[in-house]
Amino acid sequence: MKFRYLLILLPLLSFTAVVFSASQDTIQEITTMFTMKMLQQTGLNRAQIAERFPSGETKRAFIIALVSEKGIKTEYLALMDSEEKLRVLSYPKLVENPSGWETVEKYVKILLSFQDSLFSYESFLSAFSPTMLLMQDMGYINLYLDSYSQFIDPKIEKFKSNKPKEDTANIFNTVRHNGLYFLNNITNYLGDKPLDYARIIYEPTDTEYSEKMQKLSRDYFSTVLTQIDIQNYVLAFEILQRSVISGSSEPLLNGISPVVDYATPLDGMFVSDKMGKTASMILLTNMDIQKKIALSIQGKLSNLNDKFAKSYGVMYIEDLKDLLVSEIIFQIFSLNNFKIARDNANPGAITQLMQMYFPNNKKENADMDTLIAQIEKEIYFSACSISQNINSTGLFEIIDGEWRNSFEYIKKENPNINELEKSKLIQLYVLKEAQGHFARVRSTIDFDTDEDEYFVKNYPIYDDYITGEGDTIIVDFLWVLANHPTSTIFRTLGALISNGFNFTKLEEDLSVENISMEIEGFIKLNPYYELWRMEPSYEKRVAITLQNNSQAKNAIKNIFAGYIPDYFKSDIQSLVDIENIYLTRYPVEVYTEGVSQKPVIPRNDKALIFIHGKQQMPYFDENNNPLVNVPYVWRGIGRVAVWDAWYEEIIKNREVFSDFDFYEFLYDSSVLIPQQYGAGLADILNENGFLDDYGEIYIVSHSMGGLVTREAVNSQIEYGNEKILLGEKIEKLFTLDTPHWGTVVQNFILTVKGSLIDALEETPSEFKGSDMSLFGLIRSFLFGDQMDKAADLLIYFSKNNPEVIAKLFSEMLSFLDPFPGGRSMEYASKEYDKALAKYLYPQFGDKFENVLMPRNDLERLNETDNFYGKLYLISAEVSDQTQKFTQGYYITYKLMEKLAQLVSHEFGEDYLKHVRNDAVVPLFSQQIWGVDKGVQRIHFENLDHDEVTHSQDVIEKVMGIFNGKYFSQVGGGKN
């Protein structure tokens, strides 16, 4: 929304609902008579008013009156500045930030939400008279009802003329009953109960129907805390309506079920092969309910206008809330109708629908996705303003800024244009300067016969730590190759990508000519780490929408600069970009470093902290915005999914976890090293009373999260009057598949060196591997094809073209990370690293024997860790007999296995301890081989790196160790 509300500091907030004495609380806008009011009420003269309230700083002004239960009235002055922030004073004494200012801000937000409701989208800096506000909404509702009749009546008349009267009666009866089943099941849906389709005996009037929906919605909105609660309610309407149409007792989470086999008046709007009859019935039912809500709004606006006319500009907060709830419901139906039309209607029908909702505006040409996003923001803003949870404002603002604050685009002024006569398909390019983590490059190609073509890509920057030769990007021309596979100068490349390698010296022909490259700017990642308290969903059903949810599509578009080549189009047609999922928990508190605060919710005796592992590097759209997968605190599906099974177990065993609170440490995982994230977690826990409030604290971590955990417990803190290590206050630590010695695949990032690549061009390896094409290799990662061949091809690339390995693993899969977080997990087995380098590059003698040698802190951590006695190492491995592999993991499993076998064979030495792995981390690393200082090891077989967090056996074993009551219930877990 345009309104950027003042962030209310969480120490001042209370989680319990604030009960406003709202029956007589009022708000009055005085922007146009501000000076007169000040002269009349405050005793200030004009000069004093001008000095204290400069005209350029105050854009809108309000007087708010709060009336206590005893009838005592207290007045406040609220001023909005040009940045849409509020300043609250007592009135008429003008004391800054008086008691009750939080309630005043809430009330101003309600008025602003009302101003921005029903598609108005007006600037909040413009003063509005309440009469104008009311007339605007009343005018819109009147127009909508007229447009609705013009839209639906001809379709009904046509339907009636072509169908027997029994069919027409049945349709209207079905629509009415669908609406009633919908209304009667809202509570069941939100309460995670089966839907009930008992025969309807009593049928309410339209007024009773609207009043019941109004009450249900207002009760829900009064308790919302974040955007997650609000989106859940929006999705409830969407999911529930589909379920009612199908008669399903379990809500239909995604898609429209093709269950309606009879005609409706709206059939002609929908594409027949997209379940048109079902979509038309859902839309018809939605519109019938929405008409009832519109009539209710019309009556409320008329009553509110009568009250306002008699009160000289004073508006009652309770009336505004009541009307705003109705308008939110109206907007939710509008939103879901637009979604149905976007996904299922034909273009002409979409235009008709837009004309109905926007009779006086030319919205029919608006981008549907943009419009949907605007309406969603409006709904979120309005619903948050109604919430009686004071801390909802603070959390709402934090979540709303999550992604925006994590990235910064630095546009390069007067960028240089670099002319290249010729370039390989993939090659290193040294930057003259780097101001971020990604470089945005515009590449223009001059064709002899065609017009110039260009593409823009964001390339990750490999800094001097990796290359030893300056900040470098790996430029490529895969976009050109995909667009021109038969063009003369690219014919060899086309054969390469589609037909396969023959391992001759094809590299000499892999070139693109007549290129200019322009560095347009840089994207900088800003580090973050936060500790969020999570509430298990328990008896609630909580749904959210995932965006850009096809990793395969995102990866292909990223590697081919936003273009999907014909080679992949058939593969990705069925991939889902948008998907709804149910959450097992939702956030209720946040703690950050440097902000000391009291808990919003009372704490139990024990705390369980989950810490996720390495996350993917972000993909970006054409406007440099990250492709958000989860638009909330987790930011990506990996963080949501990793602990789902654990929360499901907690929900099933609520009583045995009744003395636990649950937290998740969320961090970006790329910009800082584990030692920094761990120190941040230690400070957060110490500064916010965790070490005093909790008798026992347990930490369960996965992958890189285990390194963060160990660094945290070994961090020194000032506790009371002494310095201690955090680990002295932690009961037990569990690391799941953590790379305690790193992972060997990450070391391949160190081969991005111009000197090595130049040497390989001069003296290539004789190694022969696979006849797989580059196209086939990409397919194998994304769709699981020919994975043994793919592993052989990766070995070939590692020996001849390591830049290809870096390109595919980082930009396409985000598996390799050139930034500090990723580099902290390079394999720290020096003996093996050196042997592997000698095997890969034997033609150079000792020149590159240290190329894979890491420079991380793992050796230091493993030597100095003070808390091995509290550490449980949960490890896992896979084999050829493993039934379930996470997508793409079989290749990395085979790659690590084959490399260790080849190195052992080459040198006649035993490097086979590096063979076993979980498809991401060698078992050698997970179990900290060579270190035995009281650490406890628990091993599981046939689980890959991701599956270990979803295994019931793992969950039962770990939970059984730290929770005695759970131990008794499940028999202590399994080995």
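Residues numbered from 1 in each chain as written. Predicted model: local features only at pLDDT ≥ 70, side-chain atom pairs only at ≥ 80, totals over all residues. Heavy atoms only, no water.

Next up on the list: the overall build of the chain. Helix and strand counts for the chain come out as 33 helices and 24 strands. Against the 2.2 N^0.38 benchmark of 30 Å for 975 residues, the chain shows a C-alpha radius of gyration of 31 Å, consistent with a compact globule. In terms of principal-axis extent, the alpha carbons of the chain reach across some 95 × 75 × 65 Å. A separation of at least 24 residues holds for 77% of the contacts in the chain among residues at least 6 apart in sequence. Entry remark: accessible area of the chain is about 38200 Å², with carbon and sulfur atoms responsible for 47%. (Helix = DSSP H or I, 4+ residues; strand = E, 2+ residues; numbered from the N terminus. Rg over C-alpha atoms; globule rule 2.2 N^0.38 Å. Contact = heavy atoms within 4.5 Å. Areas by Shrake-Rupley, 256 points an atom, 1.4 Å probe, with all protein chains shown as cover.)

By the burial criterion, the buried members of helix H28 (residues 830–840) are Tyr832, Asp833, Ala835, Leu836, Ala837, Tyr839 and Leu840. At its buried positions, H28 is contacted by helix H25 (787–800) and helix H30 (889–907). (Buried < 20%, exposed > 50% of the residue type's maximum accessible area, 1.4 Å probe, protein only.)

The next subject is the environment of Asp918. If you trace the backbone, Asp918 turns up in the loop between H30 and helix H31 (923–926). Asp918 sits 29 residues away from Glu947 along the chain, and the two C-alpha atoms are 9.5 Å apart. Among residues more than four places away in sequence, those in contact with Asp918 are Asp737, Ala876, Glu877, Val878, Gln926, Leu943, Asp944 and His945. Here Val920 takes part through its backbone nitrogen, which lies 2.9 Å from a polar atom of the side chain of Asp918. Of the polar contacts made by the side chain of Asp918, one reaches the side chain of His945; its length is 2.7 Å. (Polar contact = N/O pair within 3.5 Å; in protein donor to acceptor, adjacent residues only side chain to side chain.)

Spatial ordering of the open sheet is given by S16-S13-S18-S17-S19-S22-S23-S24, a layout of 8 strands whose pairing is mixed. Looking at the sheet topology across the chains shown, the edges are occupied by strand S16 (585–592) and strand S24 (936–941). Strand after strand, the sheet turns through a mean of 20° between neighbouring axes, direction not considered. Here strand S17 (residues 606–611) pairs with strand S18 (residues 660–667) via 6 bridges, running parallel. Of the residues in S18, the one forming a bridge with Lys606 is Phe660. On the sheet, helix H20 (residues 674–687) packs against strand S13 (529–536), S16, S17 and S18 and is oriented at approximately 60° with respect to S13. (Pairing = 2+ DSSP bridges. Axes fitted to C-alpha atoms, helices over the stretch in contact; angles between N-to-C directions.)

Take unusual backbone geometry next. Across the chain, the bulk of peptide bonds are trans and the bulk of non-glycine residues have phi less than zero. A cis geometry characterises the amide bond from Tyr91 onward to Pro92, with omega recorded as 10°. Within the fold, Pro92 resides in the loop between strand S4 (86–91) and helix H3 (101–115). Positive phi, normally seen in glycine, also occurs at Asn624, with a value near 70°. Exposure remark for Asn624: the relative accessible area of 12% places this residue in the buried category.

This next bit is on the packing of helix H6 (residues 206–221) against helix H9 (residues 317–344). One can describe the packing of H6 onto H9 by two numbers: an axis separation of 10 Å at closest approach and a directional angle of 100°. When the axis of H6 is compared with that of H9, the two are roughly perpendicular. Here Met213, Gln214, Ser217, Arg218 and Phe221 of H6 come into contact with H9, specifically with Glu318, Lys321, Asp322, Val325, Ser326, Ile328, Ile329 and Phe333. For the contact of H6 with H9, the per-class residue count stands at 6 nonpolar, 3 polar and 4 charged. (Parallel < 35°, antiparallel > 145°, perpendicular 65-115°, else oblique. Nonpolar A, V, L, I, M, F, W, Y, C, P; charged D, E, K, R; others polar.)

This next bit is on the pairing of strand S3 (residues 73–80). Note that strand S2 (residues 60–67) and S3 share 8 bridges and pair antiparallel. Bridge assignment links Leu66 to a residue of S3, and that residue is Thr74. Where S2 hands over to S3, the hairpin turn is made up of 5 residues, of which Gly71 adopts a positive phi near 85°.

A few words now on the sheet that holds S2. The strand order S4-S3-S2-S1-S5 describes an open sheet built from 5 strands, whose pairing is antiparallel. Two strands in the sheet have a free side with no partner beyond their single neighbour: S4 and strand S5 (315–316). Pairing of S3 with S4, which is carried by 6 bridges, proceeds in the antiparallel orientation. Paired with Met80 across the bridge in S4 is Leu86. Packing against the sheet, H3 makes contact with strand S1 (26–29), S2, S3, S4 and S5, and its axis sits at approximately 120° to S2.

Moving on: a negative patch on the surface. A surface patch of like charges, here negative, comprises Asp464, Glu469, Asp758 and Glu762. On the basis of relative accessibility, which here comes to 36%, the residue Glu469 falls in the partly exposed class. (Patch = residues over 30% accessible without salt bridge, like charges linked within 9 Å, V, L, I, M, F, W, Y side chains within 5 Å. Salt bridge = Lys/Arg side-chain N within 4 Å of Asp/Glu carboxyl O. Lys, Arg positive; Asp, Glu negative; His and termini not counted. Charge placed at Lys NZ, Arg CZ, Asp CG, Glu CD.)

Attention now goes to the environment of Glu649. Following the sequence through the fold, Glu649 ends up in helix H19 (residues 644–652). The exposure class of Glu649 is buried, given its relative accessible area of 5%. Through-space distance from the C-alpha of Glu649 to that of Ile955 is 8.1 Å; in sequence the pair is 306 residues apart. Non-local contacts of Glu649, meaning those with residues more than four positions away in its chain, are made with Gln952, Ile955, Met959 and Tyr966.

The next subject is the packing of helix H11 (residues 368–386) against helix H12 (residues 392–400). One way to put it is that H11 packs onto H12 with a least axis distance of 9 Å and a crossing angle of 155°. If you check the angle between H11 and H12, you find them roughly antiparallel. In this structure, the crossing between H11 and H12 has a hand that is right-handed. Between H11 and H12, the residues in contact are Tyr380, Phe381 and Cys384 and Ser392, Thr393 and Phe396, respectively. (Left-handed = near helix turned anticlockwise from the far one by under 90°.)

The first and last C-alpha atoms of H11 sit 27 Å apart over 19 residues, in line with the 27 Å expected at 1.5 Å per residue. Counting buried positions over the 19 residues of H11 gives 14, a clear majority of the element. (Expected span 1.5 Å × (residues − 1).)

With respect to the helices and strands, the residue Pro415 is situated in the loop between strand S6 (407–411) and strand S7 (417–424). Separated by 105 residues in sequence, Pro415 and Glu520 have C-alpha atoms that sit 6.2 Å apart. Once residues lying within four places of it in the same chain are set aside, the contact partners of Pro415 are Glu518 and Ile519.

Before going further, it helps to examine the packing of aromatic side chains. A complete count under the given rule lists 52 aromatic pairs for this structure. Note on Tyr233 and Phe237: the rings are 5.1 Å apart at their centroids and 55° apart in plane angle, and the pair reads as tilted. Of the two residues, Tyr233 and Phe237 are both situated in helix H7 (residues 227–246); the distance of 4 residues between them amounts to about one turn of the helix. Classification of Tyr233 as buried rests on a relative accessible area of 1%. With a centroid separation of 5.3 Å and 80° between ring planes, the pair formed by Tyr591 and Phe690 is classed as edge-to-face. One end of the pair, Tyr591, is in strand S16; the other, Phe690, is in helix H21 (residues 690–693), and 99 residues separate them in sequence. Its relative accessible area of 0% is what places Tyr591 among the buried residues. (Phe/Tyr/Trp six-rings, centres within 6.5 Å; stacked < 30°, edge-to-face > 60°.)

So, on to the confidence of the model for the chain. Chain-level pLDDT for the chain is 87 on average; 91% of the residues reach the 70-or-more range. Contacts from residues 1–22, a stretch scored under 50 in pLDDT, to residues over four places away or in other chains number 77 contacts. (pLDDT = per-residue confidence, 0-100.)

What follows concerns the side chain of Ser715. For Ser715, the position within the fold is in the loop between helix H22 (704–713) and strand S20 (716–719). Residue classification places Ser715 among the buried residues on the basis of a relative accessible area of 11%. Among the polar contacts listed, one links the side chain of Ser715 to the backbone oxygen of Glu711, at a separation of 2.7 Å. Ignoring anything within four residues of it in the chain, the contact list for Ser715 reads Gly678, Ala679, Ala682, Ile724, Leu725 and Leu726.

Within the fold, Thr882 resides in the loop between strand S23 (871–877) and H30. One polar contact links the side chain of Thr882 to the main-chain amide nitrogen of Ser879, over a distance of 2.8 Å. Only 2.8 Å separates the side chain of Thr882 from the side chain of Asn942, close enough to count as a polar contact.

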